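Structural characterization, general
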Amino acid sequence: MAEAHQAVAFQFTITPEGIDLQLSYQALNQIYLSGVRSWKKRVSRMRNRVIKGVYPASPSSWLFVVIAILATMYMRSDPSMGLIAKIQQHLPLSLVSLSSQGQTMVSVLVFSTLLWLSLILALRFCLKLLLSYHQWMFEQHGRVSNTTKVWVTLLRLLSSRKPLLYSYQTSLPHLPVPAIKDTLSRYLESVRPLLDDAGFMRMTQLAGQFENTLGNRLQRYLKLKALWATNYVSDWWEEYIYLRGRGPIMVNSNYYGMDFLFVTPTSVQAARAGNTITALLLYRRKVNREELKPSRVPGTVIPLCAAQCERMFNTTRTPGEETDVLQHWLDSEFVAVYHKGRYFRLWVYRAGRLLSPREIEFQIQKILDDTSPPQPGEEKLGALTAGDRVPWAQMRKKHFSSGINRRSMDVIDRAAFFITLDDEEQGMRGDDPAGNLDRYAKSLLHGKCYDRWFDKSFSIIIYKNGKSGLNAEHSWADAPTVAHLWEFTLATDAFQLGYTEDGHCRGDVDRSLPPPQRLQWDIPAEVQSQISSSLVTAQKLAEDVDCHVFPFREFGKGRIKKLRVSPDAFIQITLQLAYFRDRGGFCLTYEASMTRLFREGRTETVRSCSNESCAFVKALEAGESEDTCRRLFRVASERHQNLYRMAMTGAGIDRHLFCLYVVSKYLGVDSAFLREVLSEPWRLSTSQTPVQQMELFDLKNHPDFISLGGGFGPVADDGYGVSYIIVGEDMINFHVSSKHSCSETSSRRFGAQITKAALDIMALLSADTKDPAKPRQEKKLI
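Residues numbered from 1 in each chain as written. Predicted model: local features only at pLDDT ≥ 70, side-chain atom pairs only at ≥ 80, totals over all residues. Heavy atoms only, no water.

**With respect to helix α21 (residues 626-648)**
Taking 1.5 Å per residue as the helical rise, α21 with its 23 residues ought to reach 33 Å, and the 33 Å between its terminal C-alpha atoms agrees with that figure. Phi turns positive one or two residues past the end of α21, at G650, with a value near 90°. (Helix = DSSP H or I, 4+ residues; strand = E, 2+ residues; numbered from the N terminus. Expected span 1.5 Å × (residues − 1).)

**Some words on the sheet that holds strand β17 (residues 684-688)**
If you trace the six strands from one edge of the open sheet to the other, you get β14-β20-β19-β17-β15-β16, paired in mixed fashion. Of all the strands in the sheet, the pair left with one neighbour each is β14 (545-552) and β16 (603-607). Strand-to-strand twist in this sheet, taken as the mean axis angle between neighbours without regard to direction, amounts to 20°. One ladder, built from five bridges, connects β17 with strand β19 (residues 720-727); its direction is parallel. Looking across to β19, one finds that S687 is bridged to S723. Contacts between α21 and the sheet are confined to β15 (589-594) and β16, with β15 contributing the most and set at about 50° to the helix. (Pairing = 2+ DSSP bridges. Axes fitted to C-alpha atoms, helices over the stretch in contact; angles between N-to-C directions. Contact = heavy atoms within 4.5 Å.)

**What to know about the environment of V233**
Its location among the elements puts V233 in the loop between α8 (197-228) and α9 (234-243). Not counting residues up to four positions away in its chain, the partners in contact with V233 are L175, R655 and C659.

**Quick word on the sheet that holds strand β7 (residues 342-347)**
The strand order across the open sheet formed by eight strands is β13-β7-β6-β10-β11-β12-β3-β18, and the pairing between neighbours is mixed. Of all strands in the sheet, those bounded by a partner on one side alone are β13 (517-518) and β18 (710-712). Here strand β11 (residues 458-462) pairs with strand β12 (residues 468-472) via five bridges, running antiparallel. Its bridge partner lying in β12, I460 is registered against L470. Sitting on the sheet, helix α14 (residues 403-414) touches β6 (334-339), β7 and β10 (418-421), and the angle it makes with β6 is about 110°. Contacts from helix α16 (residues 479-497) reach β3 (255-258), β11 and β12 within the one sheet, and its direction differs from that of β12 by about 160°.

**Digging into the nonpolar core**
Core analysis: the biggest nonpolar cluster contains 55 residues, and Y187, F210, L657 and F673 have the highest contact counts within it. When contributions to this core are tallied by element, the ones reaching two or more residues are α5 (100-131), α6 (146-158), α7 (180-191), α8, α9, β15, α22 (654-667) and α23 (672-678). When residues in this core are grouped by element, the largest group, eight residues, is from α8. Apart from residues lying up to four places away in sequence, L657 is in contact with T183, L184, Y187, F673, L674, V677 and L678. Among the nonpolar cores identified, the runner-up in size contains 53 residues, and V263, Y349, A477 and F705 belong to it. (Core = buried A, V, L, I, M, F, W, Y, C linked by side-chain atoms within 4.5 Å. Buried < 20%, exposed > 50% of the residue type's maximum accessible area, 1.4 Å probe, protein only.)

As structure tokens, this is what we get:
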């Protein structure tokens, strides 16, 4: 209640005798403590800037250098080779009055500091060179070269100090621009199984013409950008793929994350909200203090870019008529809450102290018990964020830029995140668990189309029966960043914060807490009309989405790895077989791969439909011998892994072609080749949700606390969206989406095809008696 306290801290009245000034010392104390918290955060940020600024050295190493220089000079030796004397000659006039010994000491300090900074730059340059080495990824398991062994040793030495979250940022290499000839060659190879001879010949000619004419010119501009920018892809990707989209971001862009599959820690809605909000704010504190460990490539010491964490909280996507804008605030002491058509501001700090989970539950319960009706136009206001962006931008500019609407909109924009207290029950329950999981997914993806705020960086949904989930906006970060946050939240909620026997949050309650504030609105008829129009658009889109979520329990990565097969490659080839059986052919397939080995890296596309995977599917469906099919599968698996490695190391196809297309638009030139490539539909869009913090989940003692992962809407109107998460050793959870309006697709049917294809491939591989029963040894780099 900082604003309210500021309003009443100073009260005065004008009388004939003068001004009668009254001070509320309680309110002033609240303001003082809140200010102390703010200054502590500033000091912490400054301290972290120093620590990460000198990494991989430490601030204390400066003192070591100074002492070493002084010790050397004490032994009548000059380690500076005359530089200290020259520095002493050029000291400012203000220091000339010092004694000779004092001037020498100042000169030593200056020289030591310059030497220390030079050593830091040298160490950082060496670390950057080491992180630019990616050949380790392409070596065979168990056959690590001597070069890689030396590289690992040096990397360990330079990474021996405990880093902060952003310590590696300035040492990460820049994303390289591939040679245009290599990209075109890889592109033609990727589309070969999808085209007949005539079509492939035509595309080869288009690619050749592009390379010999416009391509090299565009490439020069792109290389110039790569020299100047931190990452030659990410800013254009964020702007043109996400922020400039004028259609609804609900379903088309936003994605969702689910709660535990089998258990719900409490059935008390307010209590689940209390623990969830607390866990999220604890994570935010770790991000602000940079106490999170930098993410690394699993099983290695190689760091990943952490830039996406910067805009996780206190962020919103503001609509514009031509392009949206991401707005981020450094801090926020409240969250925005929606319940039964009303919006509230819930302060989560009091006098600089984070409220306890029990206190937040107490405040949430006040919202649930509030029976006041929505104001005119308030109930379905969120539909504006679910519909087309241009009308929303126009309404916001005209009616939400001043007055009470502006103040209420600022609360939502500046909130740490958005909370929806849903009045429905969701989860795998009742007589139709499979159908309920599908409805659960749809609820998280779009809800009622007005009870989520799709512009916030992420929104948390707490259902009436205590089930939870999230809906995340996509422009500011990719799913692995949000998944890391959600893993921490679920684990902290269930295993750290916990609940009492009757399902309430632990801790005490300060019952003098001021109640949550209702946001006030003055929504005119024009805005209400647009709300109705946006809601119709959103509902039409939502009703068309066909979601199917199912846990695959027949086997998991444990059994797959015993066959010396990459689990991801196994699933991707399974999807190719399932699609072939479902649609009778192959299609352009998108698998998201990260490029966070590079600074500000986001994603690259792995074109999973390869010549090798198609050859395996055709052979299996044609009834060829098992030995032939097994050999083709292993070739396809190795090919897929190689494509994934190339994408991760900056040798992908699609981001390079995308940036060349953007350059062509800036230059006002047209390329038939680029136009056709960028218009090709991804009828099968896939993504793996990585499990990054298994140490947080005690699956041995709590095997039911398994995450369901998350999913997204279909990319193409006549295609499928498939997300999967590999949980533990024995389960894979799948999320399949498509559109009811396409008569050729069915999410449930495709899910059945995935199950059958996985079982068929496993039966094929397991029948090979040459495969050892023991799992292959993973390559260890730590």
